[in-house]
Amino acid sequence: MYPVTLKGRAVILREFRSDDAAPSLALVGDERVTQWLSFDNRDLEAATAMIEGAVSRAKSEPRNEYYLAVTLPGDELIGFARLGLDGVKAAKLGYAIRADQWGHGYATDAAQTLIDFGFRELGLHRISAAIGPDNTASIAVAQRLRMQYEGQIRDHVFTNGAWRDSLLYSVLENEW
């Protein structure tokens, strides 16, 4: 399915474009954001490669991920949301919002919109999210979305020079 545009309550999720590389630096180049992600800070060259990869993978058949830009209605890029298709009717959810836009409910709106798409349009059965134990804001998002805590994954992510555990949350289609 390409291209995808999803409208949330306050945000719009759309396919990445090549011109999103520079604006994406406000996320992937900001340690306040990347400390919670599964990768270290990126420079413009790495951000460009990331965006170009997302653009290319979006057109693959079969599509195995929906990595979408999160924008405000005027098309200002404020984040990203991703469903990585994983296994049989399952996906992993990820999301990030620019630090200067935290606290407005954009992550919850983006994640809810993408989960809804996953269950209603993609026919998924299970969506999970692995969240750093200290990321209280993301844990709150998962809880607001009625995701269930499943347990802790030890040394799950190597980022910022150290291994980090993750807390696993999930929601099933019949719970949505």
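The structure this text deals with has already been given above.
Please read all numbers here as calculations on a predicted model, not as lab measurements.

**As for the packing of helix H1 (residues 21–28) against helix H3 (residues 44–58)**
Where H1 contacts H3, the axes come no closer than 9 Å and their chain directions differ by 110°. On the basis of their axis angle, the class for H1 and H3 is roughly perpendicular. Residue-level contacts link Ala21, Ala22, Ser24, Leu25 and Val28 of H1 to Leu44, Ala47, Thr48, Met50 and Ile51 of H3.

**Topic: the sheet that holds strand S8 (residues 162–172)**
Strand order across the open sheet formed by eight strands is S1-S2-S3-S4-S5-S6-S8-S7, with mixed pairing between neighbours. Of all the strands in the sheet, just strand S1 (5–7) and strand S7 (148–159) have a single pairing partner and so form its edges. Each neighbouring strand pair of the sheet contributes to a mean axis angle of 25°, computed without reference to strand direction. As judged from the three bridges shared by strand S5 (residues 90–97) and strand S6 (residues 126–131), these two strands associate in the parallel manner.

**Here's the deal with the environment of Leu83**
Residue position: Leu83 is located in strand S4 (residues 77–85). In sequence terms Leu83 and Ala129 are 46 residues apart; their C-alpha atoms lie 9.6 Å from each other. Excluding residues that lie within four positions of it along the chain, Leu83 makes contacts with Asn64, Glu65, Tyr66, Ala91, Lys92, Leu93, Leu114, Gly118, Leu122, Leu124 and Ile127.

What counts, and at which threshold
- Residues numbered from 1 in each chain as written.
- Predicted model: local features only at pLDDT ≥ 70, side-chain atom pairs only at ≥ 80, totals over all residues.
- Heavy atoms only, no water.
- Axes fitted to C-alpha atoms, helices over the stretch in contact; angles between N-to-C directions.
- Helix = DSSP H or I, 4+ residues; strand = E, 2+ residues; numbered from the N terminus.
- Parallel < 35°, antiparallel > 145°, perpendicular 65-115°, else oblique.
- Contact = heavy atoms within 4.5 Å.
- Pairing = 2+ DSSP bridges.

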